[in-house]
Amino acid sequence: MSSFNETRGINFDTSGVINPWVSEFFSTFNLIIIAELIGCFGIVGNGINIWNFAKQGLKDSVNVTLAALALSDIGALVTQMFTNVMFSPFWKRVDLPFASSSTLAMIFYYPHCYFIRVSGLITVFATFERCLCVVMPLHVKRIITRNVALVTSFALFVILQSYFFPIYCVSYLALTFVPQKNRTIFYLFYKNNADYVLKISYFVADMATPYITFTLLTVFTSVIIIKLKTNSQWRRTATGKTLNIIQKKNVISKKERKLVVMLTTVSVIFIICLMPNCALMTAIGVVRELKVDGPYYELTMLIYDFTSILETINCSFTIIIYYTMSTKYREIINTHFWYPSV
């Protein structure tokens, strides 16, 4: 472990590029009010999602995958809520036992990023499964079984924990005496090899993984849309015996079609909501001044105030999508909440 003089602590002071009042307003309104309210709704909603899929039966591979997605989304929302509180400007006026509230925020931010990446790859798996459903409807249930979905979801949770390894290997919290405050406080330090390790980690975890996720979702979703459009054209042009042959060999059932459309919607919303934050991370990697110790860090935080809301929306609104587009999901909700049996 490096000594104090050999390490670099994060410096969150900036040159005041953004008006402090503007920065504090959006940090408070977006993160502490809007994002926290949406997050609370999302945590409850994903809890209902898990309960609903359990009611439907976890013998179906789709239910297993969507339950795993809901669990990951809960993790992302809980850690996001703690991160939002720690990024609040109110802490600037509080004498904390840390060098900055942002120091503690990073502890929650990394797990949040982990859960976001798990959710993304689970969404990819769900979309891939539906892609197989429209491409080879007669074989998909033999390829993607309940056990395959269970093992894949569990493996994603475990494998992606490697995201933490480089970050926590080169950084650590330690007590240090600060003469200006005349007290000992916790400070976040980086070891000497931090730059090298974090550059590799940043490229793999914050650049390659998100863009690969977006690419796979785009490819699978495009195949689904093209195939569904082709099937619709066949239905309109085929009659009699030809239609029966098409339905047996190429066309998925109406129930499966609705499920495909629902999961395609989830994928599209994921891309729309997560792409802005991914673009922000890319900009931080390219523009040195946007980093935490750069003169434009306040601008980074201002943009983050908005992109984080989109991430929260993505993790929170699946219950609305499922209720609107899934008949079975809606029936269970209506039976137990709106029209319970006496």
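All of these numbers come straight from a predicted model, not from anything done at the bench.

Conventions and cut-offs
Residues numbered from 1 in each chain as written. Predicted model: local features only at pLDDT ≥ 70, side-chain atom pairs only at ≥ 80, totals over all residues. Heavy atoms only, no water. Axes fitted to C-alpha atoms, helices over the stretch in contact; angles between N-to-C directions. Helix = DSSP H or I, 4+ residues; strand = E, 2+ residues; numbered from the N terminus. Parallel < 35°, antiparallel > 145°, perpendicular 65-115°, else oblique. Left-handed = near helix turned anticlockwise from the far one by under 90°. Contact = heavy atoms within 4.5 Å. UniProt positions renumbered as here; feature names shortened; annotations may be inferred. Phe/Tyr/Trp six-rings, centres within 6.5 Å; stacked < 30°, edge-to-face > 60°. Buried < 20%, exposed > 50% of the residue type's maximum accessible area, 1.4 Å probe, protein only. Expected span 1.5 Å × (residues − 1). Polar contact = N/O pair within 3.5 Å; in protein donor to acceptor, adjacent residues only side chain to side chain. Pairing = 2+ DSSP bridges.

> Got a sec to walk through the packing of helix H9 (residues 254-286) against helix H11 (residues 318-325)? Specific residues and values, please.
Running from N to C, H9 and H11 cross one another at 160 degrees; their axes reach a closest spacing of 10 Å. Here H9 is positioned roughly antiparallel relative to H11, judged by the angle of their axes. The way H9 lies across H11 gives a crossing that is right-handed. On the side of H9, the interface is formed by Lys258, Val261, Met262, Thr265, Val266 and Ile269, while H11 contributes Ile321, Tyr322 and Met325.

> Tell me about the UniProt feature "transmembrane region" (unreviewed entry) in the protein chain, and please be specific about residues and values.
Annotation from UniProt places "transmembrane region" (unreviewed entry) at residues 29-54, 66-87, 107-128, 148-175, 208-226, 259-287 and 299-323. Along residues 29-54 the backbone is 100% helical and 0% strand, and the end-to-end C-alpha distance reaches 36 Å. Across residues 66-87, the secondary structure splits into 95% helix and 0% strand, with the terminal C-alpha atoms separated by 31 Å.

> I'd like to hear about the packing of aromatic side chains, residue by residue, with values.
To describe a pair of aromatic rings, you give the distance between the ring centres and the angle between the ring planes. This structure, assessed with the given rule, holds 20 aromatic pairs. Relative to tyrosine 322, the ring of phenylalanine 53 has its centre 5.4 Å away and its plane inclined at 70 degrees; by these criteria the two rings are edge-to-face. Placement of phenylalanine 53 in helix H1 (residues 20-56) and of tyrosine 322 in helix H11 is noted, with a sequence separation of 269 residues between them. Each member of the pair, phenylalanine 53 as well as tyrosine 322, carries the same accessibility label: buried. Taken together, the ring pairs in this structure connect Tyr109, Tyr110, Tyr114, Phe115, Tyr163, Phe164, Tyr168 and Tyr304 into an aromatic cluster.

> Quick rundown of helix H2 (residues 61-86)? Include the residues and the values.
The end-to-end C-alpha separation of H2 is 38 Å, in line with the 38 Å expected for 26 residues at 1.5 Å each. The element H2 is extensively covered by neighbouring structure, given that 22 of its 26 residues are classed as buried. Of the residues flanking the start of H2, the one acting as N-cap is aspartate 60, its side-chain oxygen 3.0 Å from the backbone nitrogen of valine 62.

> Summarise the pairing of strand E3 (residues 183-190); cite the residues concerned and give the values.
Relative to E3, strand E2 (residues 171-178) is paired through eight bridges, and the arrangement is antiparallel. Looking at E3, one finds that leucine 173 is bridged to leucine 188. The antiparallel pairing of E2 with E3 creates a hairpin that spans four residues between the two strands, and asparagine 182 there sits at a positive phi of about 55 degrees.

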